[in-house]
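Per-entry structural report
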There are 2 protein chains.
Amino acid sequence: MARTQGSIGAETHEKIREVAEELIAAHGYAAVSMRQIATAVGVQVGALYRYTPDKQTLLFDLMRNHLEQVQSAWDATDPTDAGPVERLEAFCRFHVRFHLDRPRAVFIAYMELRSLTPENYAVIETLRNTYEARLEAIIRDGQDLRVIRVPDARVATMALIGMLTGVTTWYRDDGRLDRGRVERIYWRLARRMVKV
Amino acid sequence: MARTQGSIGAETHEKIREVAEELIAAHGYAAVSMRQIATAVGVQVGALYRYTPDKQTLLFDLMRNHLEQVQSAWDATDPTDAGPVERLEAFCRFHVRFHLDRPRAVFIAYMELRSLTPENYAVIETLRNTYEARLEAIIRDGQDLRVIRVPDARVATMALIGMLTGVTTWYRDDGRLDRGRVERIYWRLARRMVKV
DNA sequence: GTCTATAATGGGATAGAC
DNA sequence: GTCTATCCCATTATAGAC
């Protein structure tokens with residue numbers, strides 16, 4: 001397979017993304033320098049600018065990429081023909097599983113909103129809102145069909161998102177529970193929260 | 001009332017804390033400079049160092065102060081003679097109320113852990129764990145007395161903390177719901193989550 | 001207790017050689 | 001596509017005048 005004409009080094013590009021995600025998740029966007037990233041990648045700082053116009057765009061691309069992946073992965077998972085309770089179970093399990101698999105990307109997407117320029121922030125906020133709206137729609141469907149009952153659909157949505165996303169703050173792979181059990185426990189908690 | 005001998009300017013000290021909390025919550029510890037803080041306070045940068053030995057200590061004091069206040073405010077609120085369900089209601093309502101009243105301090109306490117030196121991090125982590133242990137103890141009491149039932153006390157604790165703390169990410173004072181209603185809705189969701 | 005001035009270091013980004 | 005060298009500016013923290 002010939003390399004695409006005019007393409008830049010795909011391996012280096014990928015490594016920059018991995019290293020940037022790791023360092024930014026650990027120390028924060030503002031605390032990580034382009035020099036640190038270059039050193040961890042194994043290149044000099046000037047080389048980074050063949051892959052990103054600036055540091056801000058590097059962050060923005062990481063966040064957009066992650067949120068677009070969440071979105072498309074959920075759209076591929078959503079059992080749209082099923083009832084609201086079954087879809088809610090799919091959502092809760094998907095959210096926990098996906099977030100446990102990508103804790104660093106999740107961390108950045110939630111923590112570095114304030115590091116974005118206003119223009120980039122608007123894009124990312126829209127992506128986040130679109131995803132959260134998917135959950136809210138399921139809850140409202142369930143209410144209409146009287147198979148889900150919550151005091152307030154909007155608050156229940158935000159409470160669920162907060163509860164599910166929080167798993168990344170405490171879960172450890174070498175801990176007492178494996179991912180499957182955690183996924184199951186979170187769904188049982190969620191189900192009781194919204195049950196008729 | 002005479003000013004304590006040898007004391008530094010109490011008003012300036014307090015203003016530094018307020019300004020630092022506001023700026024760090026908005027932009028992040030690493031992104032805020034001592035110059036920015038000094039300008040917002042209305043002094044020159046050198047003056048700040050009469051009140052804090054360095055920037056790190058300024059952050060650490062903000063976080064410790066907040067967590068100690070959470071702890072002592074809860075200890076003063078906890079209806080220790082009541083049953084587990086009543087105490088859980090007190091906890092949930094307290095947590096939502098306290099966090100809605102201090103969104104910036106909460107934000108910093110959860111987001112800037114990575115900006116602390118290892119020594120300072122250990123202190124803050126201990127304070128956080130102590131507070132979370134209070135909730136877990138209530139849930140375990142409730143399980144023992146068979147008035148609370150959850151799949152796993154530890155996961156339920158973290159799920160509750162995540163759910164309740166998340167309120168600060170979406171609540172707006174000029175929004176649809178006032179604080180009292182939000183507090184009530186969160187408690188209803190929590191109660192269903194842990195009910196027998 | 002606050003100021004001005006400065007030391008010492010590191011930041012993002014670019015130019016031009018190879 | 002990566003390197004070296006550099007520009008220019010911001011950073012934390014301190015010294016010493018007032």
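Some words on helix H4 (residues 55-77) of chain B
All names here are of chain B. Here H4 spans 33 Å end to end across 23 residues, near enough to the 33 Å set by a 1.5 Å rise per residue. Among all positions of H4, only Gln56, Leu58, Leu59, Phe60, Leu62, Met63, His66, Leu67, Val70, Gln71 and Trp74 are buried. On its buried face, H4 sits against helix H1 (10-27), helix H2 (34-41), helix H5 (84-101), helix H6 (103-111) and helix H7 (118-144).

Some details on the interface of chain A and chain B
Tallying the contact residues gives 35 residues for chain A and 35 residues for chain B. Taking both sides of the interface into account, the surface hidden between chain A and chain B amounts to around 2900 Å²; carbon and sulfur atoms contribute 64%. Interface area lost by chain A to chain B is led by Arg114(A), Pro151(A) and Arg192(A), which between them contribute 26%. Applying the counting rule to chain A against chain B returns four salt bridges.

Brief notes about H1(B)
Residues and elements named next belong to chain B. With 18 residues, H1 should cover 26 Å at 1.5 Å per step; its first-to-last C-alpha distance of 26 Å lies within 8% of that length. The set of residues buried in H1 consists of Ile16, Val19, Ala20, Leu23, Ile24 and Ala25. Contact partners of the buried residues in H1: H2, helix H3 (45-48), H4 and H6. Note on H1: the residue one or two positions beyond its end, Gly28, has a positive phi of about 95°.

Re the relation of the copies chain A and chain B
Laying chain A over chain B is done by rotating through 180° and shifting 0.0 Å along the axis; what remains is an RMSD of 0.0 Å. Such values leave the two copies arranged in the relation of a two-fold axis.

A word on the domain arrangement of chain A
Residue and element names in this part refer to chain A. Partitioning chain A into domains gives domain 1 (1-52) and domain 2 (54-194). Domain 1 and domain 2 are separated by 28 Å when their C-alpha centres are compared. Counting the surface lost from both domain 1 and domain 2, the interface buries some 1400 Å², and carbon and sulfur atoms represent 67% of this. If you sort the residues of domain 1 by the area they bury against domain 2, Glu21, Tyr29 and Thr52 come out on top, with a joint share of 48%. Along the contact surface separating domain 1 from domain 2 lie two salt bridges. Arg104 serves as the salt-bridge partner of Glu21, at 3.6 Å between the closest nitrogen and oxygen. The tally of links from domain 1 across to domain 2 stands at six residue pairs in polar contact (both at pLDDT 80 or more).

Here is what the cut-offs are and how they apply
Residues numbered from 1 in each chain as written. Chains lettered and ligands numbered in written order. Predicted model: local features only at pLDDT ≥ 70, side-chain atom pairs only at ≥ 80, totals over all residues. Heavy atoms only, no water. Helix = DSSP H or I, 4+ residues; strand = E, 2+ residues; numbered from the N terminus. Expected span 1.5 Å × (residues − 1). Buried < 20%, exposed > 50% of the residue type's maximum accessible area, 1.4 Å probe, protein only. Contact = heavy atoms within 4.5 Å. Buried area = accessible area lost by both parts, 1.4 Å probe. Salt bridge = Lys/Arg side-chain N within 4 Å of Asp/Glu carboxyl O. Least-squares fit on C-alpha atoms with pLDDT ≥ 70 in both. Domains from an automatic or database assignment. Polar contact = N/O pair within 3.5 Å; in protein donor to acceptor, adjacent residues only side chain to side chain.

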